[in-house]
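Commentary on secondary and tertiary structure
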Amino acid sequence: MATKLKFVIILFLSMPVIIKAQTNAMSEKKLNIFTLGDSNGTFAWSWPKQIELALPNATVFNIRKSGRTIGFLNNGDSSLNSLSVIDQNLKKAAEHTGDRPYDFIVMELGTNDCKKVFADRQAEVPANLEKLINKIKTCGYPAITKAKIIIIAPPPYGSKTNGTEKYDGGAKRVEAFSTAFAQVAKKTGCLFVNGFKTPGMDMETMSPDGLHMDVVGSRKLIEPVVALMIK
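Further remarks concern the overall build of the protein chain. Within the protein chain, the regular secondary structure consists of eight helices and five strands. Its helices and strands taken in sequence order, the protein chain reads α-α-β-α-β-α-β-α-α-β-α-β-α from the N to the C terminus. For the protein chain, the C-alpha radius of gyration of 17 Å lies close to 17 Å, the compact-globule estimate for 231 residues. Taking the principal axes of its C-alpha atoms as reference, the protein chain extends roughly 45 × 40 × 30 Å. Within the protein chain, the fraction of its 231 residues that count as buried is 53%. Sequence-distant contacts in the protein chain: of pairs separated by 6 or more residues, those separated by 24 or more amount to 76%. With the model as given, the accessible surface of the protein chain reaches about 10,700 Å², and the carbon-plus-sulfur share is 54%. Separation of charge centres in the protein chain, based on 30 positive and 21 negative side chains, amounts to 3 Å.

Turning to the sheet that holds strand β5 (residues 191–194), a few remarks are in order. An order of β2-β1-β3-β4-β5 is seen for the five strands of this open sheet, with the pairing classed as parallel. The two strands at the open ends of the sheet, each matched to only one other strand, are β2 (59–64) and β5. Neighbour-to-neighbour, the strand axes of the sheet open up by a mean angle of 20°, direction not taken into account.

Side-chain pairing between opposite charges can occur once the charged atoms of the two side chains come close. Overall, the coordinates contain five salt bridges when judged by the stated rule. One salt bridge connects Glu 130 with Lys 187, and the closest N-O pair in it is separated by 3.2 Å. Here Glu 130, found in helix α5 (residues 124–137), pairs with Lys 187, found in helix α7 (residues 170–188); they are 57 residues apart in sequence, far enough to count as distant. Residue Arg 219 pairs with Glu 223 through a salt bridge whose shortest N-O separation is 3.3 Å.

Another aspect to go through is empty space enclosed by the protein. Across all of its chains, the model carries two cavities of 30 Å³ or more by this definition. By volume, the largest cavity is sized at about 40 Å³. Contributing elements (two or more residues each) for the lining of the largest cavity: β1 (32–37) and α4 (82–97). Here the element with the most residues in the lining of the largest cavity is α4; it accounts for three residues.

Once that is clear, we can look at α4. Along α4, the largest kink reaches about 35° and is centred on Gln 88. Considering only its buried residues, α4 is in contact with β1, β2, α5 and α6 (142–145). Put simply, Asn 81 is the residue that caps the front of α4, since its side-chain oxygen is 2.9 Å from the backbone nitrogen of Leu 83. Taken from the residues just after α4, Gly 98 is the one with a positive phi, measuring 65°.

Turning next to the confidence of the model for the protein chain. For the protein chain, the average pLDDT comes to 92, and 90% of its residues sit at 70 or higher. Overall, residues 10–21 carries pLDDT values under 50, and its contacts beyond four positions in sequence, including any with other chains, amount to nine contacts.

With that settled, consider the packing of aromatic side chains. Inspection of every chain in the model, using the stated rule, returns six aromatic pairs. For the ring pair Phe 43 and Trp 45, a centre distance of 4.8 Å and an interplane angle of 5° mean the geometry is stacked. Looking at Phe 43, the relative accessible area reads 8%, which means it is buried. A centroid spacing of 5.9 Å and a plane angle of 80° characterise the contact between Tyr 157 and Tyr 167, whose relative ring orientation is edge-to-face. Separated by ten residues along the polypeptide, Tyr 157 in the loop between β4 (148–153) and α7 and Tyr 167 in the loop between β4 and α7 bring together distant segments of the chain. For the pair shown, Tyr 157 and Tyr 167 are each scored as buried. Cluster of aromatic residues (ring-pair linked, three or more members): Phe 34, Phe 61 and Tyr 102.

Reading the values: the criteria
- Residues numbered from 1 in each chain as written.
- Predicted model: local features only at pLDDT ≥ 70, side-chain atom pairs only at ≥ 80, totals over all residues.
- Heavy atoms only, no water.
- Helix = DSSP H or I, 4+ residues; strand = E, 2+ residues; numbered from the N terminus.
- Rg over C-alpha atoms; globule rule 2.2 N^0.38 Å.
- Buried < 20%, exposed > 50% of the residue type's maximum accessible area, 1.4 Å probe, protein only.
- Contact = heavy atoms within 4.5 Å.
- Areas by Shrake-Rupley, 256 points an atom, 1.4 Å probe, with all protein chains shown as cover.
- Lys, Arg positive; Asp, Glu negative; His and termini not counted.
- Charge placed at Lys NZ, Arg CZ, Asp CG, Glu CD.
- Pairing = 2+ DSSP bridges.
- Axes fitted to C-alpha atoms, helices over the stretch in contact; angles between N-to-C directions.
- Salt bridge = Lys/Arg side-chain N within 4 Å of Asp/Glu carboxyl O.
- 1 Å grid on protein atoms, 1.4 Å probe; cavity = no way out; pocket = protein on both sides within 12 Å on 5 of 7 lines; lining within 4 Å.
- Points joined across faces, edges and corners; volume = space filled by probe spheres on them.
- Bend = angle between axes of the 7 residues up to and from the residue.
- Polar contact = N/O pair within 3.5 Å; in protein donor to acceptor, adjacent residues only side chain to side chain.
- pLDDT = per-residue confidence, 0-100.
- Phe/Tyr/Trp six-rings, centres within 6.5 Å; stacked < 30°, edge-to-face > 60°.

Structure representation (structure tokens):
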């Protein structure tokens, strides 16, 4: 919590930079979108909000939680394990949209799965992602199962994470996900965006703490995502 608060304070002090961020619409399409994420989806300027700005006629239902992993018990909190809570989150999403099907489900998870505490369990992460996708595809809600799923490989760790107790060594682990997640997406018939190699993304200048993207980084992340949606 202290880390997140510090990030918000730093970002507030950087407001002149934020004001200059690109917020131009990319399309007028009326899409219905369901997003799943971790702390990078929790801020007022985060990537789900950037999707709304890029697609002003779209509806975005965002389920996110700081510290959320794909399939690990993080900080002893089962609610941070996406696999453990996916059924209830899908129920929330289905109730929210009613009879209107989602066009896309966008998932940006994996940053927390790279924490140092999980360093010896990295082989489990792609398998957990596949399980999560299959749960979504086979759930009992037609409004959800009709959607195309977009997997975003998480962005890089910035150098500010080097040597930290929680995240040291994570830069290499998250880099490996850019390949592994692409393979899972292909295997499961999902669309894929390589957030690790986002054009124009620089976590050294677009993240005060090396983990959380500011508004400019968040916009950069979603531009290739939206490009897939409006093809």
